[in-house]
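The lines below spell out each chain.
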Amino acid sequence: MARADVRKTYKLYINGQFPRSESGRTFEVLDAKGGFLANASHASRKDARDAVSAARSAFPSWSARTAYNRGQIIYRVAEVLEGRRAQFEAEIIAAEGVTAAKARQYVDAAIDRLVWYAGWADKIAQVTGGANDVAGPFFNHSTPEPSGVIAVMAPQGPLFGLVSVLAPVITTGNTCVVVASEAYPLTSITLAEVLATSDVPAGVVNILTGPQAEIGPWLASHLDVHGLDLTGVTDPDLARTLEEGAADSLKRVRRPDPTEDLLATPALDRMTAFLEIKTVWHPMGI
Amino acid sequence: MGTFDYAPAPESTAIVDVKSTYSLFINGEFVDGTGTSFKTINPATEEILAEVAEASEADVDRAVAAARRAYHKVWGPMPGKERAKYLFRLARIISERSRELAVLETLNNGKPIRESRDIDIPVAAAHFFYYAGWADKLEFSGYGDKPLGVAAQVIPWNFPFLMLAWKIAPALACGNTVVLKPAETTPLTALLFAEICQQADLPPGVVNIVTGAGETGRALVAHPDVDKVAFTGSTSVGKQIAKVVAGTRKSVTLELGGKAANIVFDDAPIDQAIEGIVDGIFFNQGHVCCAGSRLLVQESVADDVLERLKRRMGTLRVGDPLDKNTDVGAINSAEQLAKITELADDGDATGAQRWSPACDLPGTGFWFAPTIFTGVTQAHRLAREEVFGPVLSVLTFRTPKEAVEKANNTPFGLSSGIWSDKGSRTLWMASQLRAGVVWSNTFNRFDPASPFGGYKESGHGREGGRHGLAGYLAKGGN
Amino acid sequence: MATLTSADLTDVTASESALRRFLHGLPGVDQVGADARAAMLGTRSIKTTAKTAALDLAIRMVDLTTLEGMDTPGKVRALCAKAMRPDPMDPSCPATAAVCVYPDMVPAAVEALGSSGVHVAAVATAFPSGRAALDIKLADTQDAVEAGAHEIDMVIDRGAFLSGRYLEVYEEIVAIKAACARSEDEPAHLKVIFETGELQTYDNVRRASWLAMLAGADFIKTSTGKIQPAATLPVTLVMMEAVRDFRALTGTQIGVKPAGGIRTAKEAIKFLVMVNEVGGPDWLDPDWFRFGASTLLNDLLMQRSKMKTGHYWGHDYVTLD
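J.: What should I look at first to understand the interface of chain A and chain B in this one?
T.: For an interface, size is often stated in terms of accessible area lost upon the parts coming together. With 36 residues of chain A at the interface, the matching set in chain B holds 44 residues. Interface area for chain A against chain B, summed over the two sides, is near 3000 Å², with a carbon-plus-sulfur share of 50%. Linking chain A with chain B are three salt bridges. A salt bridge links Glu145 of chain A to Arg434 of chain B; its shortest N-O distance comes to 3.9 Å. On the surface where chain A and chain B come into contact, there are 28 residue pairs in polar contact (both at pLDDT 80 or more). Counting residues per element, the ones that place at least two in the side of chain A that touches chain B are α5 (124-128), β4 (138-146), α9 (236-247), β9 (252-254) and β10 (275-283) of chain A. With eight residues, β10 of chain A is the largest single contributor of residues to the side of chain A that touches chain B. Each residue belonging to the side of chain A that touches chain B can be placed in one class, and the counts come to 13 nonpolar, eleven polar and twelve charged. As paired elements, β10 of chain A and strand β17 (residues 437-440) of chain B share three bridges and run parallel to each other.

Below, the structure is given as structure tokens:
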């Protein structure tokens, strides 16, 4: 007799925990052929609020870690992902119906992207900061610092897009609340399992599944959110609404760019969009 | 001798030829607007200086069209090294006409001639000189070398000419063309800059100046053919602009309000700290977005610091902005004076203690004596809202952590000050403060090579330095 | 210095360690900030009536100085004549505060100045280096005092100060102060010279100021004039802050004398502005502020004449003594 498999319940990822949506709602996720895959949690306004609260709490210690340490942790995520690649490939094939080769390529790219950002952690300040030669007896230098809590609208797709927007934000010391791809939310929760076991502290990454249009506005207008990445928003009206919502607290907004090729080597702007330049002056005298 | 009363030392206004009326500067020429006009005054005397055109939506449209044409035909295609030479010319002419600019700035703004002469105008010239040097080196900037196009720039009244320089110099260096709207109350030095552009033979349309009030600004920012919006001013207007540009391709930089903490530790170099407190809040009548308007002083030295501060404030010379010995000039407008008065009255009403040195304020014009409020807590409006005037709130703290908590406990994040002789603590403090500029053992220093701009609701983007190029280049991000 | 009370001062000179703790506990001076403050004060514009008054005050504050190996009684007599009547053509021109000479020239100066009211100041204590045994410094001082000097300008032992032997410097000042006493007359006023160009840092200048004030100095003075830099505006500003704070704490007012390097009326007026705004008008008096200078006087006179006549004055129209 065939053994009945044990199926996974896909929940949210908030503050290092995997809670169900407080709303008790779920939505059906289908595979590439239209068959039932799982019920994903339908995150609510209150889940978004809890996620922001977790991200805010995690920010001081995450941003205060040495860049070296953050780099190591991002690298650790890559290591753990590599070890679980078979699971991700299988999930991608199930969700998207792509070939095994294609799925492997996506997982490779996701892992490599993490490794790329891991190396940036302790170099971004050297590249984007620097000494300023002011006309006076002052030591003056500029350094980048993370903006704070970033709400990220992940691009549509199971894994690679998510990693591409998530890694730059946390590498530099921000914490985040991610609204996962609405069509392919399941892999994002599996990625959360990777994060939870890779020394990424609780609250640094929080992942919500559910409709962008419903959760997005609450994040865009939340006063404890400092930045908004709209990469995954394909509806221009929604993008404008979210940007307008962000205007009330002058969040840093990264607009969607339909021409962007995520697979290409990234520019620095995914990191710099959510960095603040701080300039410190000090007199030089005896 | 007993007392040493400095005799009046007024700067002559003969150097400035203030015209009775001013039109708009579009496509290299002064042209009549299709809208109405408004009067601009000297806030120290309330005397009318000139009648200035109020640009209508049609005028703004004409200016943007001129800028677009100049961008496509001349300025965009021009090699960087040629653009550089025009910027160097502008820098030089500003220096040559610096006294004229300083006097005009003081007449129209009310700031002391000492400041317009020694800070506003020379730093503005330095800004053009600095960015001139970037024009042919953009490939090394880290943001590419492609400009955005037409920049709509709206500037405030507190540093009219310096803010013009902060806006125009990097925009032109990067190959953009500009439509700039000076503040309603301080249009005159921008219009003199238009003459300077003519003297420099800057190609027509590269710089356009449209004068007016909020409506003109709104029309400019919302204009569909603008690629870039740069604004310095209040946080509330900044939020409106962020809404207007939402969903567009327009890149935006915003330099907005602040409520900076100036933190004095018990081991501060005390006499310099007092100077830094005074400079922090009374420089430019406190009309400074990065003003050190919240003094956080360690409890153990609070009495000493206050005693010294009061003694020092007693030597501030308040009065005629054109007198070379004036330290604190006129409030820029009746409207601003009313706002300062309202917040100070709220301080009285909510139990803070007001103190000002004895000083005779002139009978006409807009004046507010240098003022400190003690007994202020984070719960007072005075400690939360930007007063934008010569009013200092004094709060105390006990430990460095408490100082950081209080300093960061604001939606603003523009600047901050630290006074201490302990290096490691200073650097720790500097790393903890959520502010774009941290002055340690100094305050209110500005330099074209030094990036300036805020965290949180103090704005987006940086002005000055290499970072100041980002907002004007296609690869610089939003 | 309200963080201190005068009670805090009672024991600070009781031991080497107590004195060190006190001096090193004084607030630091940020050089860049102090320089900036002095530079800002230097931008004050003093015109018309204020300038006229300031020039006369500055003349009255001059310690007209000759401190050369080639000094003779004849040279000193000429200098005294100049001190009493700086502008022989204009009796309204005030006299200087003092002449400043080496101790062996004191008798000639005392005789020449007579009862004019112009004081005789003598540099003592192995001026300018201060490198001699204490008994020699004391004898040097007593010679000058006995010869009738009204004021003694002593130098501190910079070597002792820089190596941290503060109590030794303190005790030497106390000893010289005692040697300024006269049996039948007022004691000579003691000015203590730091040679700020050798102390180099403003922190040192502030410490030296407090050390000298604690030891009983009547005046603190920047320099000998033999070392560069001598009297700068910011170094004098730091000393002015010290005397201001000392008076606030103890009630005792101490004078300040920048010496060396002040050559023009314009510079002198910047010092007066600084005195006015940092110490306050109480110090705007020859009893509390002096300029140690030689060539400064003629520039003050030329500016004074220019103010009176409205045209620029010529170098051949002021006396060269």
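J.: Even after reading the chapter, I still don't get the pairing of β17 of chain B, so can you show me in this structure?
T.: When a strand is regular, its side chains alternate between the sheet's two faces. All names here are of chain B. Residues of β17 alternate between two faces, with Val437 and Trp439 on one and Val438 and Ser440 on the opposite face, all of them buried. The pairing of strand β16 (residues 415-419) with β17 spans four bridges and is classified as parallel. Looking across to β17, one finds that Ile418 is bridged to Ser440.

J.: Please explain the packing of helix α9 (residues 270-282) of chain B against helix α10 (residues 302-313) of chain B as it appears in this structure.
T.: To characterise two packed helices, one gives the angle between the axes of the helices and the distance between these axes. All names here are of chain B. Packing of α9 against α10 brings their axes to within 10 Å, and their N-to-C directions diverge by 60°. Here α9 lies oblique to α10, going by the angle between them. For α9 against α10, the interelement crossing comes out right-handed. Residue-level inspection shows Ile270, Asp271, Ile274, Glu275, Ile277, Val278 and Phe282 of α9 in contact with α10, the latter providing Asp304, Val305, Arg308, Leu309, Arg312 and Met313. The residue inventory of the contact of α9 with α10, partitioned by class, reads eight nonpolar, no polar and five charged.

J.: Quick question: what am I supposed to make of the interface of chain C and chain B here?
T.: Contacts between the two partners involve 34 residues from chain C, matched on the other side by 32 residues from chain B. Around 2600 Å² of area is buried between chain C and chain B when both sides are counted, 51% of it from carbon and sulfur atoms. Linking chain C to chain B there are six salt bridges. Counting the contacts that link chain C with chain B gives eleven residue pairs in polar contact (both at pLDDT 80 or more). The set of elements that each furnish at least two residues to the side of chain C that touches chain B consists of α2 (31-41), α3 (48-60), α11 (233-250) and α12 (265-279) of chain C.

J.: What exactly am I supposed to notice about the pattern of salt bridges here?
T.: Pairing between side chains of opposite charge can happen when their charged atoms approach one another. By the definition in use, this model includes 79 salt bridges over all chains. Salt-bridge contacts for Glu214 of chain A lead to Arg25 of chain A; the nearest nitrogen and oxygen are separated by 2.9 Å. Of the two residues, Glu214 of chain A sits in helix α8 (residues 212-221) while Arg25 of chain A sits in the segment before β1 (26-30), which places them 189 residues apart along the sequence. Exposure remark for Glu214 of chain A: the relative accessible area of 29% places this residue in the partly exposed category. With relative accessibility at 36%, the residue Arg25 of chain A sits in the partly exposed group. With its nearest N and O atoms 2.9 Å apart, the salt bridge here joins Glu402 of chain B to Arg398 of chain B. Owing to a relative accessible area of 13%, Glu402 of chain B belongs among the buried residues under this scheme.

J.: Explain the sheet that holds strand β15 (residues 391-397) of chain B to me, please; I cannot follow it from the model alone.
T.: For sheets, the rule is that strands pair by backbone hydrogen bonds, running either parallel or antiparallel. With mixed pairing, the ten strands of this open sheet are ordered in space as β3(A)-β4(A)-β10(A)-β17(B)-β16(B)-β11(B)-β12(B)-β15(B)-β14(B)-β13(B). Edge positions in the sheet fall to β3 (130-131) of chain A together with β13 (353-355) of chain B, since each has one partner strand and no second. As judged from the nine bridges shared by β4 of chain A and β10 of chain A, these two strands associate in the antiparallel manner. Each bridged residue has a counterpart across the sheet, and for Pro146 of chain A the counterpart in β10 of chain A is Leu275 of chain A. Where helix α14 (residues 423-432) of chain B meets the sheet, it contacts β4 and β10 of chain A together with β11 (261-264), β16 and β17 of chain B, and its direction lies at approximately 155° from that of β10 of chain A.

J.: Please explain the sheet that holds strand β5 (residues 47-53) of chain B as it appears in this structure.
T.: All names here are of chain B. Here three strands make up an open sheet; going across it, the order is β1-β5-β4 and the pairing mixed. The strands lining the two open edges of the sheet, one partner per strand, are β1 (21-22) and β4 (37-42). Where β1 meets β5, two bridges bridge the pair, whose relative direction is parallel. Across the sheet, Thr21 pairs through a bridge with Glu51, a residue of β5. Against the sheet, helix α3 (residues 98-109) touches β4 and β5, its axis set at about 105° to β4. Against the sheet, helix α6 (residues 188-199) contacts β1, β4 and β5, and its axis sits at roughly 55° relative to β5.

J.: How should I be thinking about the pairing of strand β7 (residues 177-181) of chain B in this particular structure?
T.: All names here are of chain B. Across the five residues that make up β7, a large majority, five, are buried. Alternating positions in β7 separate into two faces, Thr177, Val179 and Lys181 on one and Val178 and Leu180 on the other, with burial throughout. The pairing of strand β6 (residues 150-154) with β7 spans five bridges and is parallel. Looking at the pairing, Val150 lines up with Thr177 of β7. Since β6 and β7 lie parallel, the crossover through helix α5 (residues 160-173) that links them has a hand, and here it is right-handed. The pairing of β7 with strand β8 (residues 207-209) spans three bridges and is parallel. Counterpart to Val179 in the pairing with β8 is Asn208. Of the crossover connections in this fold, the one passing from β7 over α6 to the parallel β8 is right-handed.

J.: Looking at this structure, how should I read the nonpolar core?
T.: One broad trend across soluble globular proteins is that nonpolar side chains are buried collectively. If you look at the biggest cluster of nonpolar residues, it comprises 116 residues, and the most contacted ones within it are Phe128, Leu172, Phe193 and Leu309 of chain B. Ranked by residues supplied to this core, first place goes to α5 of chain B with eleven residues. Counting residues in hydrophobic clusters, the runner-up holds 108 residues, among them Ala34, Met40, Tyr170 and Ile220 of chain C.

J.: Is there a simple way to explain the side chain of Lys167 of chain B in this structure?
T.: Structurally, the position occupied by Lys167 of chain B is in helix α5. Here Thr232 of chain B takes part through its side chain, which lies 2.6 Å from a polar atom of the side chain of Lys167 of chain B.

J.: Looking at this structure, I do not really get α12 of chain C. What am I missing?
T.: Note that an α-helix has 3.6 residues per turn; residues three or four places apart therefore point the same way. Residue and element names in this part refer to chain C. Spanning 15 residues, α12 covers 20 Å between terminal C-alpha atoms, matching the ideal 21 Å at 1.5 Å per step. Most of α12 sits out of view: twelve of its 15 residues are buried. Within the sequence span of α12, burial applies to Ala265, Ala268, Ile269, Phe271, Leu272, Val273, Met274, Val275, Asn276, Glu277, Val278 and Gly279. Of the surrounding elements, those touching the buried residues of α12 are α2, α3, α11, β8 (291-293) and α13 (295-309). Gly280, located one to two residues past α12, shows a positive phi value of around 110°.

J.: Can you help me understand the environment of Gly413 of chain B in this one?
T.: All names here are of chain B. Tracing the sequence through the fold places Gly413 in the loop between α13 (400-408) and β16. The exposure class of Gly413 is buried, given its relative accessible area of 4%. The spacing of Gly413 and Val437 is 24 residues in sequence and 8.6 Å in space, taken between C-alpha atoms. Ignoring any residue separated from it by four or fewer positions in sequence, one finds Gly413 in contact with Arg434, Ala435, Gly436, Gly454, Tyr455 and Ser458.

What counts and how
- Residues numbered from 1 in each chain as written.
- Chains lettered and ligands numbered in written order.
- Predicted model: local features only at pLDDT ≥ 70, side-chain atom pairs only at ≥ 80, totals over all residues.
- Heavy atoms only, no water.
- Contact = heavy atoms within 4.5 Å.
- Buried area = accessible area lost by both parts, 1.4 Å probe.
- Salt bridge = Lys/Arg side-chain N within 4 Å of Asp/Glu carboxyl O.
- Polar contact = N/O pair within 3.5 Å; in protein donor to acceptor, adjacent residues only side chain to side chain.
- Helix = DSSP H or I, 4+ residues; strand = E, 2+ residues; numbered from the N terminus.
- Nonpolar A, V, L, I, M, F, W, Y, C, P; charged D, E, K, R; others polar.
- Pairing = 2+ DSSP bridges.
- Buried < 20%, exposed > 50% of the residue type's maximum accessible area, 1.4 Å probe, protein only.
- Axes fitted to C-alpha atoms, helices over the stretch in contact; angles between N-to-C directions.
- Parallel < 35°, antiparallel > 145°, perpendicular 65-115°, else oblique.
- Left-handed = near helix turned anticlockwise from the far one by under 90°.
- Right-handed = clockwise from strand over helix to strand, strands pointing away.
- Core = buried A, V, L, I, M, F, W, Y, C linked by side-chain atoms within 4.5 Å.
- Expected span 1.5 Å × (residues − 1).

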